[in-house]
Amino acid sequence: MAVNGDTETVVRRLRDGMTGGVLSFPLTSFHDDGSLDPDGFRTHVAARIATAPGAVFPACGTGEFFSLDEDEYRTVVTIAVEEAAGRLPVVAGVGYGWAQAARFARIAEEAGADALLVLPHYLVAAPQDGLVAQLEQLAARTRLPLIAYQRGQVAFTASSLKRIAAIPGVIGLKDGHSDLDRLQRLTLAAPEGFLFFNGASTAEIQARAYATVGVPAYSSAVHAFAPEIANAFFTALTDGDDKAVERLLRDFYVPLVELRDRVPGYAVSLVKAAARLRGQPVGPVRAPLTDPSAADLAELTTLLATGLDLVGAAL
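Residues numbered from 1 in each chain as written. Predicted model: local features only at pLDDT ≥ 70, side-chain atom pairs only at ≥ 80, totals over all residues. Heavy atoms only, no water.

### A look at empty space enclosed by the protein
Right, so step 1: Taken as a whole and assessed by the stated rule, the structure comprises one cavity of 30 Å³ or more.
Right, so step 2: The space that makes up the largest cavity amounts to roughly 90 Å³.
Right, so step 3: Val118, Leu119, Pro120, His121, Leu131, Gln134, Leu135, Ala148, Tyr149, Val154 and Phe156 are the residues that line the largest cavity.
Right, so step 4: Per element, the largest residue contribution to the lining of the largest cavity is three residues, and it comes from helix α5 (residues 128-139). (1 Å grid on protein atoms, 1.4 Å probe; cavity = no way out; pocket = protein on both sides within 12 Å on 5 of 7 lines; lining within 4 Å. Points joined across faces, edges and corners; volume = space filled by probe spheres on them. Helix = DSSP H or I, 4+ residues; strand = E, 2+ residues; numbered from the N terminus.)

### Quick look at the sheet that holds strand β8 (residues 219-220)
Right, so step 1: A sheet is described by the order of its strands in space; here three strands give the open sequence β2-β1-β8, paired in parallel fashion. At either margin of the open sheet sits one strand with a lone partner, and together these are β2 (55-56) and β8.
Right, so step 2: Direction of pairing for strand β1 (residues 23-24) relative to β8: parallel, over a ladder of two bridges. Note on β8: the bridge partner recorded for Ser24 is Ser220. (Pairing = 2+ DSSP bridges.)

### Concerning the nonpolar core
Right, so step 1: By size, the foremost hydrophobic cluster in this structure holds 75 residues, and its most contacted members are Tyr73, Val94 and Leu117.
Right, so step 2: Not counting residues up to four positions away in its chain, the partners in contact with Val94 are Phe65, Tyr73, Ala101, Phe104, Ala105, Leu116, Leu117, Val118, Leu119 and Leu138.
Right, so step 3: Counting 33 residues, the second largest nonpolar core, distinct from the first, contains Ala226, Phe252, Tyr266 and Val271. (Core = buried A, V, L, I, M, F, W, Y, C linked by side-chain atoms within 4.5 Å. Buried < 20%, exposed > 50% of the residue type's maximum accessible area, 1.4 Å probe, protein only. Contact = heavy atoms within 4.5 Å.)

Read these as layout, nothing more, since geometry by itself doesn't imply function.
See the structure below:
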């Protein structure tokens, strides 16, 4: 992992942050007509930052990166940087092929982001050499550190992990496959100081398992709508309070996952719906995602109240 002074600082800040809190992935706010709501997003991201996450990741999967044009993306990343005000790292999502990812990377750089999360490329499957080349091409076109994200059609082998870790500026890997055998091989192949993140959907479900292979840091979609629950779970996990962890898993997280899995896209639209229930001005999802049905929304409302009650908070 070849780094310069600026990259070393980002790595240090991320490492410090992820040992002290969850990684927050804010939602992107839209008006009812589908247009971007900058004021709503500013309110939402400021409220997330106020609860002391380890880092904030705007315009990523939960933030509907795939539905943003470049001007909207600039607005979202700029607001996140302004609200963070240097208090915690801001890691912006970029994606598609490397040429388009480089365009978003330039915007994020100009907006003041600290690093980039490289979302899985668009549509096609690719061999390992291509996955490595994708990061090489992007790294050559930005000064910002890169965190690779393996999910969907992107899955690195241990030998490829060594190659991407040698690319100047590539500082870590976020995993969304939950293949712990593969992940253990990757962590063993990585150089000292390389960062790993649990990026499974509703990552708390697998947080203990990931920690056993050396990946304790995780992203929390729940933090986007109920930081009280997300932070209580993180504290219980960190303190080794297994009873509290299992109570939250059994009574809140597992039912949430079961509801999430009913409809494609609920990993985002349920989170947005829950945020709206908490009074957050995030608006609807953009197509091709759809908002939850009335029946699922009613079930979500009950589940959210249960989760908040478990940690002594109110809807």
